[in-house]
Structure formats: C-alpha cells, structure tokens
Amino acid sequence: MRATSDLKTTAVTALVPAVWGTTYIVATQLLPPGRPLLAATLRALPAGLVLLAVARRLPHGCWWWRSGVLGVFNIGLFFGLLFEAAYRLPGGLAATLVSTTPLLVVGLSWPLLSIRPTRWSVAAGATGVGGVALLVFRSGVPLDVVGVVAAVGAALSFAFGIVLTKRWGRPGGLVAFTAWQLVAGGLVLAPFALAVEGLPPTLNSNAIWGFAYLGMVGTALAYVVWLRGIERLAATRVSLLALVSPLVAVLIGVAFVGEGFGVAQMVGIVLVLSGVVVGQRSQSVQADG
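What counts and what doesn't
Residues numbered from 1 in each chain as written. Predicted model: local features only at pLDDT ≥ 70, side-chain atom pairs only at ≥ 80, totals over all residues. Heavy atoms only, no water. Helix = DSSP H or I, 4+ residues; strand = E, 2+ residues; numbered from the N terminus. Rg over C-alpha atoms; globule rule 2.2 N^0.38 Å. Buried < 20%, exposed > 50% of the residue type's maximum accessible area, 1.4 Å probe, protein only. Contact = heavy atoms within 4.5 Å. Areas by Shrake-Rupley, 256 points an atom, 1.4 Å probe, with all protein chains shown as cover. Patch = residues over 30% accessible without salt bridge, like charges linked within 9 Å, V, L, I, M, F, W, Y side chains within 5 Å. Salt bridge = Lys/Arg side-chain N within 4 Å of Asp/Glu carboxyl O. 1 Å grid on protein atoms, 1.4 Å probe; cavity = no way out; pocket = protein on both sides within 12 Å on 5 of 7 lines; lining within 4 Å. Points joined across faces, edges and corners; volume = space filled by probe spheres on them. Nonpolar A, V, L, I, M, F, W, Y, C, P; charged D, E, K, R; others polar. Phe/Tyr/Trp six-rings, centres within 6.5 Å; stacked < 30°, edge-to-face > 60°. Lys NZ or Arg CZ within 6 Å of the ring centre and 35° of its normal. Core = buried A, V, L, I, M, F, W, Y, C linked by side-chain atoms within 4.5 Å. Expected span 1.5 Å × (residues − 1). Bend = angle between axes of the 7 residues up to and from the residue. Polar contact = N/O pair within 3.5 Å; in protein donor to acceptor, adjacent residues only side chain to side chain.

Thoughts on the overall build of the protein chain
Counting its secondary structure elements, the protein chain contains 13 helices and 0 strands. Traced from its N-terminal end to its C-terminal end, the protein chain shows the element sequence α-α-α-α-α-α-α-α-α-α-α-α-α. Expected size for 289 residues packed as a compact globule is a radius of gyration near 19 Å; at 18 Å, the protein chain falls within 12% of this value. By principal-axis analysis of the C-alpha atoms, the protein chain measures approximately 50 × 50 × 30 Å. Burial status across the protein chain gives 53% buried among its 289 residues. Considering only residue pairs separated by 6 or more positions, the protein chain has 91% of its internal contacts joining residues 24 or more positions apart. For the protein chain, the exposed surface amounts to about 12300 Å²; the carbon and sulfur share of it is 71%.

So this is what it looks like as structure tokens:
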C-alpha cells in the first residue's frame, strides 16, 4: 500500500514540472515582450490572493517571517530570474539550466537536512547533468550570458526553497501555506517591476489568456500539488522530477518554434529520463521527512 501511494504521489507531482515546461513558450509567445518582472509579478500575486481568499487564514507566529523567506526563494527570486532567462534564452536551454536544481538540492540537503548523498542520488544527478548538457549544447543556439546567469540563479533559488520547505514543514492547511508564499513573493516582485519596467502596458487578449493560464494552472494549482509532493517525498526525489520540465519545453520548442533537435538531444532525453527513474530509488519516502 505504501509503495502504491508513493507511486501515485510521484506521478501526480511529476505533472507539475510538465506544466512548468510550457512556461517558456507562453512567456515568449503570449506575454508582453521585455517585461520579465511584470510577468513574474502577475503570475504570482493574483494567484496567491485567490488562494488566500479560498483559505481565509493568515500566518501566525514565526510563520510570518518563514513564509516571507520561502516566498522569496520559491516564488519572488525564482520567478524573477526564471522569466529573465525565459525572455533571453531558447525554451529548452532555459528549462534545462534551471533543471540543474536536483544537484543543488543533493548538496544542500547534507548541511540543512543532515541527509548525506547516496550513490543513487549522485548517480541520478550525474545522469541528469549528462542529459542536460546534451540538450543545452546544440549547434546554432546563441548563449546570452545574462540569461544563463539568471537560469542558474533560478535553479539555486528553487533548490533553497525546496530544502527549506522540507526542513520547516508547514503549520496548517496546504492551500493557505501556498497562498502565503505566493503573496509574499508577489509583493517582493511588485516594487522591482514598477521601478525597473514602469507601469504595465495595456494587455491584449493573448497576454490576458497567458497570465490566466500561468497564474491559475501553472502557479496556484501547480504549487499546491508541488508543495504536497515536497511534504510526502524525499527532497532529492521530488527535485529530480523537475527534470520533466526541460523535456516538455524542448519538445514544445521543436514543435512550435522550430528549435533544432538531433541525435544528441534524443540521447539527452534518454539520460534525463534515466536520471528521474534512478532518482526515485535514492531514498525512501520518509528518508528525510
């Protein structure tokens, strides 16, 4: 029964990075160009306010500042850097760089969760890196330095968020816990968006649909499921599921944007999927809980 429940949790949680893999195409094709901070703010804050209205519960005690910290790492800093990378890099490249998160989680879990890396987690991470490298280094793909730095920074922020979420747990309802972080992250982003990018432009129908999809499906619903997965699965295991995101992003980039795809990318996909599968053997469900 426990193994079956574990498998179901893993499968449901894996749907989240699959949805996140569509972020890059939505950001570049539907949202206003050159407005990464606006995109990040409008993705996080409205979704958080909707969930807060549903949960009708505010943080208490130490969870005011903890929610703020988690909101910065899981949402504010992560979203800001993620959209900067998405606007500057091809979708597959941005997604694969961000998907180096599992290796960072393995490293951070030792000092913060007292979980030493296992041979399975190291093997999964190394396999995933091999797949990432093959997916990234394609001929004809321009490398924007700022975009690459933003993508790596997003991965580091995401990794901190996962490990701290696992370390602190949650004080109450999952919807409220998600809402606090989204609102905190959105409030952190808003002044930077106004200061750097100015007032938002008039949004056309494509932008409205894009923000609605990213906010409600890719953020509100996705983060409730993602945080549930972090709670029930080992941190290294759930982070390795993030490797699903570049697979979706690459395939969408090939199908709709005409990004290059060859033998190296096919091998990269096999390696990334192998990393995900191997990573599920790295620890038991309760190993770091």
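Re a nonpolar patch on the surface
Together, Val50, Val54, Val175, Met216 and Val217 give the surface a local cluster of nonpolar side chains, amounting to about 360 Å² of exposed area. One can find methionine 216 in helix α10 (residues 205-232). Here methionine 216 falls in the partly exposed class, since its relative accessible area comes to 35%.

Points about empty space enclosed by the protein
Tallied over the entire structure, the rule returns 2 cavities of 30 Å³ or more. By volume, the largest cavity is sized at about 140 Å³. Taken together, 16 residues line the largest cavity, and the ones lying closest to its centre are Trp20, Tyr24, Phe78, Val98 and Ser245. For the lining of the largest cavity, the secondary-structure elements that each account for two or more residues are α1 (2-20), α2 (23-29), α4 (63-88), α5 (91-98) and α12 (244-257). Broken down by element, the residue count for the lining of the largest cavity peaks at 3 residues, all from α4. Residues of the lining of the largest cavity, tallied by class, amount to 11 nonpolar, 4 polar and 1 charged. In this model, the second largest cavity occupies a volume close to 40 Å³. Looking at the second largest cavity, the residues that line it are Ser99, Thr100, Pro102, Leu103, Gly125, Gly128, Val129, Val132, Leu240 and Leu243. Mapped onto the lining of the second largest cavity, the elements with two or more residues apiece are α6 (101-113) and α7 (119-136). Per-element accounting of the lining of the second largest cavity gives the leading share, 4 residues, to α7. Classifying every residue of the lining of the second largest cavity by side-chain character gives 6 nonpolar, 4 polar and no charged.

Observations concerning the environment of proline 191
Structurally, proline 191 is set in helix α9 (residues 174-197). Judged by relative accessible area, which is 46%, proline 191 ranks as partly exposed. Sequence separation between proline 191 and alanine 154 is 37 residues; the distance between their C-alpha atoms is 19 Å.

Some points on the packing of aromatic side chains
Applying the stated rule across the entire model yields 10 aromatic pairs. Between phenylalanine 78 and phenylalanine 79 the ring centres are 5.9 Å apart and the planes differ by 45°, which places this aromatic pair in the tilted class. Phenylalanine 78 sits in the buried class, given a relative accessible area of 4%. Judged by centre distance (4.5 Å) and plane angle (10°), the ring pair of phenylalanine 78 and phenylalanine 158 falls under stacked. Here phenylalanine 78, found in helix α4, pairs with phenylalanine 158, found in helix α8 (residues 145-168); they are 80 residues apart in sequence, far enough to count as distant. For the pair phenylalanine 78 and phenylalanine 158, one class covers both residues: buried. Each member of the aromatic cluster is reached from another via a ring pair, and the members are Trp20, Phe78, Phe79, Phe158, Tyr223 and Trp226. One residue, arginine 43, lies across the ring of phenylalanine 79, its end atom 4.2 Å from the ring centre. Of note, arginine 66 hangs over the ring of tryptophan 63, and the distance from its end group to the ring centre comes to 5.3 Å.

A word on the nonpolar core
Note on soluble globular proteins: their nonpolar side chains tend to be buried together. With 79 residues, the main nonpolar core has Phe78, Phe79, Ile162 and Trp226 as its most contacted residues. Looking at this core element by element, the count peaks at 11 residues for α10.

Comments concerning α10
Given a rise of 1.5 Å per residue, 28 residues ought to cover 40 Å, and the 39 Å separating the end C-alpha atoms of α10 matches this to within 8%. Of all the bends in α10, the greatest measures close to 40° and is centred on alanine 222. Where α10 starts, the residue carrying a side-chain oxygen 3.2 Å from the main-chain nitrogen of asparagine 206 turns out to be asparagine 204.

A few points about unusual backbone geometry
Where the residue is not glycine, phi is negative for most of them; where a peptide bond is considered, it is trans in most cases. One non-glycine residue, arginine 56, lies in positive phi territory at about 50°. With respect to the secondary-structure elements, arginine 56 resides in the loop between α3 (36-55) and α4. Of note in the backbone geometry, serine 114 takes a positive phi value of approximately 60° without being a glycine. Topologically, serine 114 is positioned in the loop between α6 and α7.

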